[in-house]
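# Coordinate inspection notes
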Amino acid sequence: MKELQDKIINEGIVLNEEVLKVDSFLNHQVDPMLMMSIGQEFARRFENQAIDKVLTLESSGIAPALMTALYLKAPLLFARKQKSLTLTDNLYVETVYSFTKQQTSDVTVSRKFLSPGEKVLIIDDFLAHGEAAFGMARIVEAAGAEVVGMGIVIEKSFQDGYRKLQEAGYRVESLARIASLSIERIEFAEQNIP
Ligand code: G4P
Ligand code: NA
Ligand code: NA
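Residues numbered from 1 in each chain as written. Chains lettered and ligands numbered in written order. Predicted model: local features only at pLDDT ≥ 70, side-chain atom pairs only at ≥ 80, totals over all residues. Heavy atoms only, no water.

## A closer look at the overall build of the chain
- Per the secondary structure count, the chain includes five helices and ten strands.
- By the compact-globule yardstick of 16 Å for 194 residues, the chain fits well, its C-alpha radius of gyration being 16 Å.
- Dimensions of the chain along its principal axes, counting C-alpha atoms only, are 50 × 35 × 35 Å.
- Here the chain holds 194 residues, and 51% of them are scored as buried.
- Computed over 21 positive and 27 negative side-chain charges, the separation of the two mean positions in the chain equals 3 Å. (Helix = DSSP H or I, 4+ residues; strand = E, 2+ residues; numbered from the N terminus. Rg over C-alpha atoms; globule rule 2.2 N^0.38 Å. Buried < 20%, exposed > 50% of the residue type's maximum accessible area, 1.4 Å probe, protein only. Lys, Arg positive; Asp, Glu negative; His and termini not counted. Charge placed at Lys NZ, Arg CZ, Asp CG, Glu CD.)

In structure tokens form, the structure reads like this:
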């Protein structure tokens, strides 16, 4: 997606060869017009899938996922990250390890909001090692619902998440695919730019 690539080039800050900071439009301050375009594009890519619900993980997945849900006319459900859980009876819980943050968190969704047979689109802001995406997929499947695809705003193609998700049989659509990061240059991977 050209608009997103331009935004990454103009405003992204390469922290090191593994981490791209995009807090001016996605992870802290949010650009609503860009989120609208992102939502429109995900909705276009998944429009024939009869999606019942959009699922993301708080907090940075919410903005792009909400716009996607708006264009798909489906509810948005966001999984919560919790530190210490006491009552888990009415929750789906999956433990997700973050390589970037080197910490584990429990990701939860209320059983109330996922039903067997529902078709769910998973959205996230970044794809690195795929831990968050796999965690959300396990929750959907635990509910007897179906993951129809995953929409990723920024995929770091040099990390192994995309490959692992593909191998597991998930359809992954990434709007920006980063082949490599260096202080001098952000290199994008080949993709079908609409
Ligand atoms: P994974 O799920 O694909 O395995 O990724 P990982 O655990 O490494 O990611 C942990 C957190 O770091 C996630 O945010 C993810 O979005 C973010 N992240 C990963 N790589 C990058 C990067 O290059 N740049 C930025 N800006 N973020 C990255 P989170 O902990 O869920 O936080 P939040 O932003 O949703 O609150
Ligand atoms: Na994030
Ligand atoms: Na995220």
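This is not the end of the story, as more comes after the structure.
## As for unusual backbone geometry
- Here the bond from Glu-58 into Ser-59 is cis, since omega is -5 degrees, no more than 30 degrees from zero.
- Along the chain, the position of Ser-59 falls in the loop between strand E3 (53–57) and helix H3 (62–72).
- Notably, Ala-50 is not glycine yet its phi reads approximately 50 degrees, a positive angle.
- Locating Ala-50 in the fold gives a position in the loop between helix H2 (32–45) and E3.
- You will see that Lys-73, though not glycine, has its phi angle at about 55 degrees, which is positive.
- The residue Lys-73 is located in the loop between H3 and strand E4 (76–82) in this model.
- For Lys-73, a relative accessible area of 76% translates into the label exposed.

## Topic: the site of ligand 1
- For ligand 1, the set of nearby residues contains 22 residues, the closest of which are Leu-20, Ser-60, Lys-81, Thr-100 and Lys-156.
- With respect to ligand 1, the backbone of Leu-20 contributes an N or O atom lying 2.6 Å from a nitrogen atom.
- In this structure, an oxygen atom belonging to ligand 1 sits 2.9 Å away from a side-chain N or O atom of Lys-101.
- Considering ligand 1 on its own, with 720 Å² of exposed area, one finds that the protein chains cover 87% of that surface.
- Elements that contribute at least two residues to the shell around ligand 1 include exactly strand E5 (91–98), strand E7 (119–127) and helix H4 (131–142).
- By residue number, the principal contributor to the shell around ligand 1 is E7, which donates three residues.
- In the shell around ligand 1, the residues fall into eight nonpolar, seven polar and seven charged. (Near = heavy atom within 4 Å. Polar contact = N/O pair within 3.5 Å; in protein donor to acceptor, adjacent residues only side chain to side chain. Areas by Shrake-Rupley, 256 points an atom, 1.4 Å probe, with all protein chains shown as cover. Nonpolar A, V, L, I, M, F, W, Y, C, P; charged D, E, K, R; others polar.)

## Looking at the UniProt feature "binding site: 5-phospho-alpha-D-ribose 1-diphosphate" (unreviewed entry) in the chain
- Annotation from UniProt places "binding site: 5-phospho-alpha-D-ribose 1-diphosphate" (unreviewed entry) at Ala-128, His-129, Gly-130, Glu-131 and Ala-132.
- In this fold, Glu-131 is placed in helix H4.
- On the accessibility criterion, Glu-131 (26% relative accessible area) is partly exposed.
- Residues contacting Glu-131, with those up to four places away along its chain left out, are Val-96, Tyr-97, Phe-99 and Lys-164.
- With respect to the helices and strands, Ala-132 occurs in helix H4.
- Once you skip the residues sitting within four places of it in the chain, Ala-132 turns out to touch Leu-57, Val-96 and Asp-124. (UniProt positions renumbered as here; feature names shortened; annotations may be inferred. Contact = heavy atoms within 4.5 Å.)

## A word on the side chain of Ser-37
- Counting through the fold element by element, Ser-37 comes out in helix H2.
- In this view, Ser-37 contacts Met-1 and Glu-3; residues no more than four positions away in its chain are not counted.

## Examining the sheet that holds strand E9 (residues 172–181)
- Spatial strand order, E5-E6-E4-E3-E7-E8-E9-E10: eight strands in an open sheet with mixed pairing. Strand pairing shows two members of the sheet lacking a second neighbour, E5 and strand E10 (186–188), which therefore form its edges. This sheet shows a mean twist of 30 degrees between the axes of neighbouring strands, independent of strand direction.
- Sheet analysis places E7 next to strand E8 (residues 146–156), joined by eight bridges and oriented parallel. Residue pairing across strands places Asp-124 opposite Ile-152, the latter belonging to E8.
- Relative to the sheet, H3 contacts E3, E4, E7 and E8, its axis offset from that of E3 by approximately 175 degrees.
- Packing against the sheet, H4 makes contact with E3, E5, strand E6 (103–110), E7 and E8, and its axis sits at approximately 165 degrees to E5. (Pairing = 2+ DSSP bridges. Axes fitted to C-alpha atoms, helices over the stretch in contact; angles between N-to-C directions.)

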